[in-house]
Amino acid sequence: MKNLTSRQPVRLFAASLIMSAVLVACGGNDDPAPVAPEVSKPNASMFFNRTATFAVCQQVGASCETDDETAPEIVAASEDGMTLVYSNSPKGEIGFVDITDVKAPKALGALAMGGEPTSVTVLGTNALVAVNTSPDFVNPSGKLAVVDIASRKLIAEITLPGQPDSIARSKDGKYIAVVIENERDEGLGNGAPPQLPAGSLVIVDVAGAPANWKTRTVSLTGLEGMLYPTDPEPEYVDINDDNIAVVTLQENNHIALIDLASGKVTKHFSAGKVTLDKVDLTDAPRPNQVNFTQTQADRLREPDGVTWISKTQFVTANEGDLNGGSRGYTVFNTDGTVGYEAGNSLEHLMARIGHYNDKRSDAKGNEPENADFARFAGTDYLFVASERSSVVAVYDMSTPNKPAYKQVLPASLSPEGLLAIPSRNLLVSASEFDDRSALARGSLNIYQYQSAPAAYPTLLSADRADGTPIPWSALSGLAAATTGTVVYGVDDSFFRGNRIFEIDTGSKPALLKKEIRITDPNGKIAALAASLPDVADANAFDDTDLAAMVNTDGSVNLDPEGISVASAGGFWVASEGNGTVGEAARPVKTANLIFKVSASGVIEDIIQLPADINAKQVRFGFEGVAESGGKLVVAFQRAWVGETQPRVGVYDIVAKTWQFMFYPLDPVASPNGGWVGLSDITALGSNKFLVIERDNQGGPDARIKRLYRIDLTGKADGATLSKILVRDLMADLRGPAGPVVEKIEGSALLANGDVIIVNDNDGVDENSGEVHLMNLGKLLN
């Protein structure tokens, strides 16, 4: 990603990275001779799992009650791996975190940098910080700040010849390499290069005290094959054991190798092109639909982050910028040949785990942003961070040129920096997106290499007939089959052509085995439209709005929020209405409707609310539906016009009549305000129901995520219900050691008495995409 002040990722080469060779003394020879490292071996019993998430707003206050933007982009570690140091571009500072206890990181404070810190690494007892001090794009400037980690004080500054971005240190501590990007002004003309002054690479020769360090500048202009030879705009740097720096020149789709000792470019070459098949290149019109049926020919890789995996190979994360981005990663040999190309595999992985961001389909897909590499307990691992899908993919690199998928790790929204600390069996990701109003706080995620199964993902999908994964996200309601461990889910209005999913919760992770498209071949929606009276009010729901719900292929665009297994076969699907009566900014577009669909997804009947109730509609409508005792019970999310509490509606399937009660919501408790409402409803038998009550807050601001039981026995129309707390879910939601997710929207009761819940990840739209399908066990007496 680009913005006015560079926020590109930097892989930080902490001194704690494991040695790649062991020196032993040879008989009769005073010089130690290198011995080849042990061969990497796969380890099927060890996995990475998240132990903690540190929201950097905790530097402001432990409860994060601040609206200030504060975010980590790049992260480094002290030599002993006990202290993290991260760059915080929005606040112009670096922050310090104590990770002695990897389950309970502690804020250690921050230090202002007198500019925008773009990168940080560690050498000895000092943090080395690249700081952008540019007044504008045409007068770029910067400095290298040297900070004592223990005292958190500035001890030296070195002037740089332009705007810095990435920084790396050599393993032997002799050199520091700083990319001088001199980022272009994307608002100038069409935003394309060339835009001078040109960027370069600065080599810092480390000898003596920091005040005595000397710099050398390596020109990167005029390299043959560059797309913009006068404007290299270098992006990212990493250094191998031979002190060869690899530098990506993203906009130029070029890669350069520089010998740090001599300061000479020893090799450079194009990053090349990739032809991608079975990808989705369309996100319009919205709502979305994911189909991996398209081909993208000759796509420029335009690499961003890069990491050495040996002295002769490195891996690029091919995020893309101007006209490229190949949605994957590439293993390059130092002669420019390709050892391995990931192709469409990352895109398919994101779809399989529910993290596919369809709003980015027409752009650069999941956008691999950064990569890191390290050996953990005898196994070589590659880590690739996806900015738009907010995960870190992990690969076993034991077989040369054949990365083997190991697992995927959830990250906070938009991971940029990666740091492996194998001396402590740790991996850290830094996510820079921070917006309290969007319920996303910039955070450091800490993962530990453990002798334990992978905890994430909690749900993945099987393949379609064409061999591509069933794409899914934005899960809403849940309903259990009458026997076994199968539950059914629905996707909401983020997608068009809505579907019902069959999910087997008996495996870990749970398996989404089947998708059932909801269709209207018999014209039930058209028939409903024909029955509606003519309405002059533009704010009222009418036949035009209904017609828009049906696609040319017969699939339908609903807002499924609840689902229940029908006793007569098939399903009941509750579709939430869109719009609020009398509100010009959000006029009514669709009503709240219950659809009876067959087991194959065909609409068989449609149930409406009474007209006088529709006249009170607000946009927070149907959230769940449950069939019990010949009746359908629906939960309204919030109070409607002129009312103070949400309704619980009861529809008699035979008599076709409605009755309504009111549900007493808990008061708002979040320091960020917001609201409290209902989500799913689940039948328990004997006229009792389980309901989800939640606030619209996530992360540090979340307070109310609860399961209550209500009893409708003998309740008259208009009665206010009472409720009994079954479980406060906050402890469960903190269990995965990540931000508390906002939308707990699905619940189901298995035949064996286990309660299942799931959250809605909003289609990965300004959402990390994290999904937790949880079995809470037997909660009910």
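Residues numbered from 1 in each chain as written. Predicted model: local features only at pLDDT ≥ 70, side-chain atom pairs only at ≥ 80, totals over all residues. Heavy atoms only, no water.

## Quick look at the nonpolar core
Grouped together as the largest cluster of nonpolar side chains are 43 residues, with contacts concentrated most on Tyr-329, Leu-346, Leu-382, Tyr-395, Leu-459, Ile-503 and Leu-773. Considering every element that reaches this core, the biggest residue donor is helix H1 (residues 345-352), with four residues. Not counting the four nearest positions on each side in its chain, Leu-382 is found in contact with Thr-307, Val-315, Tyr-329, Ala-371, Asp-372, Phe-373, Ala-393, Val-394, Tyr-395 and Met-397. (Core = buried A, V, L, I, M, F, W, Y, C linked by side-chain atoms within 4.5 Å. Buried < 20%, exposed > 50% of the residue type's maximum accessible area, 1.4 Å probe, protein only. Helix = DSSP H or I, 4+ residues; strand = E, 2+ residues; numbered from the N terminus. Contact = heavy atoms within 4.5 Å.)

## Description of the environment of Ala-568
Looking at the secondary structure, you find Ala-568 in the loop between strand E38 (560-565) and strand E39 (571-575). Looking at Ala-568, the relative accessible area reads 76%, which means it is exposed. As for Ala-568 and Val-556, which are separated by twelve residues in sequence, their C-alpha atoms are 23 Å apart.

## Examining the pattern of salt bridges
Summed over all chains, the structure comprises 38 salt bridges. The salt bridge involving Glu-770 is made with Arg-50; its shortest N-O contact spans 2.5 Å. One end of the pair, Glu-770, is in the loop between strand E51 (754-759) and strand E52 (774-778); the other, Arg-50, is in strand E3 (residues 47-55), and 720 residues separate them in sequence. Accessibility assignment for this pair places Glu-770 and Arg-50 in one class, buried. In this structure, Lys-688 engages Asp-711 in a salt bridge whose closest nitrogen and oxygen atoms are separated by 3.6 Å. Placement of the pair is Lys-688 in strand E47 (residues 688-695) and Asp-711 in strand E48 (residues 705-711), with a sequence separation of 23 residues. Ionic contacts of the salt-bridge type, sharing partners, join the residues Arg-184, Glu-186, Glu-233, Glu-251 and Asp-321 into one network. (Salt bridge = Lys/Arg side-chain N within 4 Å of Asp/Glu carboxyl O.)

## Remarks on unusual backbone geometry
The linkage connecting Tyr-456 with the following residue, Pro-457, adopts the cis geometry, with an omega of 0°. Each neighbour pair has its own omega, and for Lys-508 with Pro-509 the value is -5°, a cis peptide bond. Within the chain, Cys-64 stands out as a residue other than glycine whose phi angle is a positive 60°. Locating Cys-64 in the fold gives a position in the loop between E3 and strand E4 (75-77).

## Considerations on H1
Judged by how many residues are buried, H1 sits mostly within the fold: six of eight residues are covered. Remark: Gly-354 follows H1 within two positions and exhibits a positive phi of approximately 85°.

## What to know about the sheet that holds strand E13 (residues 175-180)
One open sheet accounts for four strands, arranged E12-E13-E14-E15; its pairing is antiparallel. Here the strands that pair on one side only, and so sit at the sheet edges, are strand E12 (164-169) and strand E15 (214-219). Ignoring strand direction, the axes of neighbouring strands in this sheet form an average angle of 20°. (Pairing = 2+ DSSP bridges. Axes fitted to C-alpha atoms, helices over the stretch in contact; angles between N-to-C directions.)

## Topic: the state of the cysteines
Applying the stated rule across the entire model yields one disulfide. Disulfide pairing is shown between Cys-57 and Cys-64; the S-S distance is 1.9 Å. Because the torsion about its S-S bond is 90°, the bridge between Cys-57 and Cys-64 counts as right-handed. A relative accessible area of 0% means that Cys-57 is categorised as buried. (Disulfide = S-S within 2.5 Å.)

## What to know about the confidence of the model for the protein
Overall, the prediction assigns the protein a mean pLDDT of 93, with 93% of residues at 70 or greater. Looking at the elements of the protein, mean pLDDT is at its lowest for strand E1 (residues 22-24), recorded as 27, and at its highest for strand E23 (residues 313-317), recorded as 99. Within the model, the stretch residues 1-32 combines pLDDT values under 50 with 118 contacts to residues more than four positions away or in other chains. (pLDDT = per-residue confidence, 0-100.)

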